[in-house]
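Single-letter residue listing:
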Amino acid sequence: MSLLILSLLALQSVSAASPAQPTAEIAAAIRDEQDIDQIRAAIVSGRLDDAAALIGIFDAAHPGSQPASLVLAKGELALEEGSAAKADELTRAVPASGPARCSVERIRALAMAERGQTDAAIDSLAGVTEHCTADWRIWRALGTQLAQKGQMEASRFAFTQAMQGSPSPALIRNDQARALIRAGDIDAAAQVLRVADGAPAPDRETIRLQDFLAGMRGLEPARAAADSDEMWAQRLVDAAQGARRADHPSLAQALMSEALLVSPRYDPRLLAEAQIP
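Residues numbered from 1 in each chain as written. Predicted model: local features only at pLDDT ≥ 70, side-chain atom pairs only at ≥ 80, totals over all residues. Heavy atoms only, no water.

A. Structural view of the overall build of the protein chain. Across its full length, the protein chain holds 15 helices and zero strands. Looking at the 277 residues of the protein chain, the share that counts as buried comes to 37%. If you take every contact in the protein chain between residues at least 6 apart in sequence, the share linking residues at least 24 apart comes to 49%. Element-wise, carbon and sulfur atoms account for 57% of the exposed surface of the protein chain, whose accessible area totals about 15,600 Å². (Helix = DSSP H or I, 4+ residues; strand = E, 2+ residues; numbered from the N terminus. Buried < 20%, exposed > 50% of the residue type's maximum accessible area, 1.4 Å probe, protein only. Contact = heavy atoms within 4.5 Å. Areas by Shrake-Rupley, 256 points an atom, 1.4 Å probe, with all protein chains shown as cover.)

Structure (structure tokens):
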């Protein structure tokens with residue numbers, strides 16, 4: 001075999017063993033997706049300020065470029081910041097198809113719930129639980145929407161699912177208690193809010209709901225040793241509002257009068273609350 005043929009065969013062997021290098025355009029696209037992955041990782045880990053800063057850097061480096069993955073990341077950030085409606089507006093141009101389908105459907109379902117579109121929200125939220133991986137936000141919203149339709153057993157199931165995945169069980173517990181209060185089941189609401197012995201102390205919102213329920217039951221809450229005068233005054237107001245809700249006007253007035261006496265400073269909002277029949 002000639003030397004020329006041997007040389008050509010050797011070159012072909014080297015070419016087959018060495019993959020082609022990506023073009024500059026492909027390499028840039030890979031880097032961009034890696035940058036977006038960093039943004040989404042920051043969102044998932046709760047580093048929302050970092051995510052917002054990374055989005056700003058990306059936008060500055062790519063003026064006018066809005067890949068779907070970046071748009072979805074912006075929507076996820078808005079969702080984490082507390083606005084499903086804003087997330088929906090940001091991602092409205094992204095079709096609910098392909099790899100983005102579940103992310104888009106999740107945002108749109110939560111936006112419907114936030115806007116009070118109960119029937120449409122229930123359908124969309126249920127669809128996400130059936131066809132996608134539903135997170136605690138989906139289950140929480142579904143529990144709230146089902147309770148508004150009076151479907152309390154289904155609502156209880158949804159809140160149980162939300163509790164299992166939520167980073168803040170107290171948030172889910174308080175939402176479920178509010179739903180039960182609206183449904184008129186104050187005993188079930190009180191049970192949901194009951195804190196087990198040895199568990200961490202209830203958060204401020206749980207205490208407010210417990211006081212509201214005490215008033216609804218015709219009871220005055222018990223002052224804790226750690227309550228400042230200002231905190232105790234607010235707790236009395238919460239109980240008074242519950243008493244008023246359950247048509248206990250005498251108790252409501254007594255609780256409001258005590259709150260005015262206990263409050264360490266003049267509070268026009270407290271005075272206005274006391275004057276409500």
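B. Fine view of the environment of Pro95. Counting through the fold element by element, Pro95 comes out in the loop between α5 (84-90) and α6 (101-114). Sequence separation between Pro95 and Ala68 is 27 residues, and the spatial gap between their C-alpha atoms is 9.1 Å.

C. View of helix α4 (residues 68-80). End to end, α4 covers 18 Å across 13 residues, agreeing with the expected 18 Å (1.5 Å per residue, within 8%). Buried residues of α4: Ser69, Leu70, Val71, Leu72, Ala73, Lys74, Gly75, Glu76, Leu77, Ala78 and Leu79, and no others. Of the residues trailing α4, Gly82 is marked for its positive phi of about 105°. (Expected span 1.5 Å × (residues − 1).)

D. Up close: the layout of surface pockets. Counted as a void, the largest pocket has a volume near 400 Å³. Lining of the largest pocket is provided by 16 residues; of these, Leu110, Glu114, Arg137, Arg140 and Ala141 occupy positions nearest its centre. Going through the elements one at a time, α6, α8 (136-148) and α10 (169-182) are the ones with two or more residues in the lining of the largest pocket. The biggest single contributor to the lining of the largest pocket is α8, with six residues. For the second largest pocket, the calculated volume is near 340 Å³. Forming the boundary of the second largest pocket are 14 residues, of which Val44, Glu76, Glu80, Arg106 and Asp135 lie nearest the centre. Every element with two or more residues in the lining of the second largest pocket is listed here: α2 (24-44), α4 and α6. Residues belonging to the lining of the second largest pocket are distributed by class as follows: five nonpolar, three polar and six charged. (1 Å grid on protein atoms, 1.4 Å probe; cavity = no way out; pocket = protein on both sides within 12 Å on 5 of 7 lines; lining within 4 Å. Points joined across faces, edges and corners; volume = space filled by probe spheres on them. Nonpolar A, V, L, I, M, F, W, Y, C, P; charged D, E, K, R; others polar.)

E. The environment of Arg244, seen in detail. Structurally, Arg244 can be placed in helix α13 (residues 229-245). Sequence separation between Arg244 and Gly215 is 29 residues; the distance between their C-alpha atoms is 7.8 Å.

F. Looking closely at the packing of aromatic side chains. Taken as a whole and assessed by the stated rule, the structure comprises one aromatic pair. Ring centres of Trp139 and Phe157 lie 5.8 Å apart, and the angle between their planes is 85°; on these two criteria the pair is classed as edge-to-face. Highlighted residues: Trp139 in helix α8 and Phe157 in helix α9 (residues 152-165), separated in sequence by 18 residues. For Phe157, a relative accessible area of 48% corresponds to the partly exposed category. (Phe/Tyr/Trp six-rings, centres within 6.5 Å; stacked < 30°, edge-to-face > 60°.)

G. Representation of the state of the cysteines in the model. One pass over the full model with this rule turns up one disulfide. Linked covalently through their sulfurs, Cys102 and Cys132 form a disulfide whose S-S length is 2.1 Å. Between Cys102 and Cys132, the S-S dihedral sits near -85°, and the bridge is therefore left-handed. Here Cys102 is found in helix α6, whereas its partner Cys132 is found in the loop between α7 (118-131) and α8, with 30 residues between them in sequence. Given a relative accessible area of 12%, Cys132 falls into the buried group. (Disulfide = S-S within 2.5 Å.)

H. How the structure looks around the nonpolar core. Counting 26 residues, the largest nonpolar core has Leu79, Leu110, Leu125 and Leu142 as its most contacted members. Counting residues per element, this core draws most heavily on α8, which supplies seven residues. Sequence-distant contacts of Leu125, defined by excluding residues within four places in its chain, comprise Ala109, Leu110, Ala113, Ile138, Ala141, Leu142 and Gln145. If you look at the next biggest cluster of nonpolar residues, it comprises 12 residues, including Ala177, Leu180, Ile181 and Val192. (Core = buried A, V, L, I, M, F, W, Y, C linked by side-chain atoms within 4.5 Å.)

I. Examining the packing of helix α3 (residues 48-61) against α4 more closely. The geometry of α3 relative to α4 is characterised by a closest axis approach of 11 Å and an angle of 150° between their N-to-C directions. Judged by the inter-axis angle, α3 sits roughly antiparallel to α4. For the pair α3 and α4, the sense of crossing is left-handed. Where α3 abuts α4, its residues Leu48, Ala51, Ala52, Ile55, Phe58 and Asp59 lie against Leu70, Lys74, Leu77 and Glu80. (Axes fitted to C-alpha atoms, helices over the stretch in contact; angles between N-to-C directions. Parallel < 35°, antiparallel > 145°, perpendicular 65-115°, else oblique. Left-handed = near helix turned anticlockwise from the far one by under 90°.)

J. Representation of empty space enclosed by the protein within the structure. Taken as a whole and assessed by the stated rule, the structure comprises one cavity of 30 Å³ or more. What the largest cavity holds in volume is close to 30 Å³. Lining the largest cavity are Met152, Ser155, Arg156, Phe159, Gln176, Ala179 and Leu180. Among the secondary structure elements, those contributing two or more residues to the lining of the largest cavity are α9 and α10. A per-class count over the lining of the largest cavity returns four nonpolar, two polar and one charged.

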